[in-house]
Amino acid sequence: MKVLVLGAGVVGVAAAYYLARHGLEVEVVDRQPGPALETSFANGGQISASHAEPWANPDTPRKILKWMGRKDAPLLFHLRLDPALWAWGLRFLANCPAARARINIERTLRVALYSRTCLAELRAETGIAYDQRTAGILHFYRDPQEYDHAARQVGLMADLGCRRETVDVDACIALEPTLALVRNQLAGGIFSPDDESGDAHLFTRRLADLAAGLGVVFRHGVTIRGLAREGDRITGIATDAGILTADRYLVALGSYSPLLLRPLGLPLPIYPAKGYSVTLPLARPDLAPTLSLTDDEHKLVFSRLGENLRVAGTAEMTGWDTSLNETRARLVLNQALDLFPGCADPARATLWTGLRPKTPDSVPILGATRLRNLFLDTGHGTLGWTMACGSGRAMADLLAGREPEIDLAGLGMDRFS
């Protein structure tokens, strides 16, 4: 059986790798000249099951109102006539009640925890290296109220299998000594010892090499124009290199998935959230963190990637606009240098932006569609790398006719019916 995987980001490449391990014939199609050159290129670098709390939760509407009109807002909505954004926003609000948020935490953790295990097994089996650090992630807080709210979620996540520990200010600094400069600003932290960090772009490239060694064919520089359909089946994909055919098709196109599927009458509630990152070559490594961190106040994550510090965060709801807003990017840079002064020369910083495919409930869309040979592995939002191995392995099992190791109930597009 032949499978065409649409998209060569970390999600698509992971799925291709696991499909090939099942002995299937696999081709991957992507418009970029290599793997992981869009959303997976310069993300925050965290494998963070601990970030399973959805954007849609009871506190979010209040925060959005507080952030309105602020250019430095962690989540920035550009209010305009955009039917896709308004439809997404209504579904988002419907997911904010506490009962819905709890369901979505369970669904997200189900995939994220499984994926973290799959990644560890993959690393042990193949020796793949990608500047990984497996010492955990420290989420630190400055606002006592935000810290109290987060601490209340620790028990829920623990019940669902995600080990997290509340830690006081002294423990935060013991875990990451460079935080001593802001000791007086800290309210406390939550440490997730089983989470990880690393370079997602490097990981994806090396996983693509492993997949190619298993026979996966990568068609880079090929733009997908649309899907051809007859009855309840896909018969091929139209590209600028001609028609490509397979027995089954797996859509892993992130933010672009709904644009491809809309003409087929398959409305995916995925909307892009533009995120920013800064990569800083370190001039003084001793002044930069070694532990992966999350700054709750500014919604920023920090990951040490070799001799670089990656800082990423914020979200801008501007549709499919991929232009870099330098003001937003430099806010990320300045906040990083305020927290860790002297660690790097800002003139050497690399600024980047990418689109993260957000669903209204922050849960990915995995599984079959009403077209018999079309499947979805998309909508992972800010947790694409966190979930990539697990969702890829589950989808490979499904397409190969095997029983996935995790329950896919509640993860498909049918939940939006």
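Structure: see above.
Residues numbered from 1 in each chain as written. Predicted model: local features only at pLDDT ≥ 70, side-chain atom pairs only at ≥ 80, totals over all residues. Heavy atoms only, no water.

1. Structural notes on the side chain of Thr359
The topology assignment puts Thr359 in the loop between strand S18 (350-358) and strand S19 (365-368). Only 3.1 Å separates the side chain of Thr359 from the backbone nitrogen of Ser362, close enough to count as a polar contact. Engagement of the side chain of Thr359 in a polar contact is seen with the backbone oxygen of Val363, the distance being 2.8 Å. If sequence neighbours within four positions are ignored, Thr359 has contacts with Trp88, Pro269, Ile270, Ile365, Gly379, Arg415 and Phe416. (Helix = DSSP H or I, 4+ residues; strand = E, 2+ residues; numbered from the N terminus. Polar contact = N/O pair within 3.5 Å; in protein donor to acceptor, adjacent residues only side chain to side chain. Contact = heavy atoms within 4.5 Å.)

2. Quick notes on the sheet that holds strand S10 (residues 224-230)
Taken together, three strands build an open sheet; the order of strands is S10-S11-S12 and the sheet is antiparallel. Among the strands making up the open sheet, the edge pair consists of S10 and strand S12 (242-244). Going across the sheet, the axis of each strand differs from the next one's by a mean of 30 degrees, ignoring polarity. Across three bridges, strand S11 (residues 233-239) lies against S12 in antiparallel orientation. Across the sheet, Ala238 pairs through a bridge with Ile243, a residue of S12. (Pairing = 2+ DSSP bridges. Axes fitted to C-alpha atoms, helices over the stretch in contact; angles between N-to-C directions.)

3. Some thoughts on the pattern of salt bridges
In the structure shown here, the tally under the stated rule is 21 salt bridges. The partner of Asp195 in a salt bridge is Arg116, and the shortest N-O contact between them spans 2.6 Å. Here Asp195, found in the loop between strand S7 (188-192) and strand S8 (196-197), pairs with Arg116, found in helix H4 (residues 98-126); they are 79 residues apart in sequence, far enough to count as distant. Residue classification places Arg116 among the buried residues on the basis of a relative accessible area of 12%. Its salt-bridge partner being Arg415, residue Asp361 comes within 2.7 Å of it at the nearest N-O pair. You can see Asp361 sitting in the loop between S18 and S19 and its partner Arg415 sitting in the segment after helix H10 (384-399), a full 54 residues away along the chain. Arg415 matches Asp361 in its accessibility class, with the two residues each being buried. Residues joined in a network through salt bridges with shared partners are Lys2, Glu27 and Arg219. (Salt bridge = Lys/Arg side-chain N within 4 Å of Asp/Glu carboxyl O. Buried < 20%, exposed > 50% of the residue type's maximum accessible area, 1.4 Å probe, protein only.)

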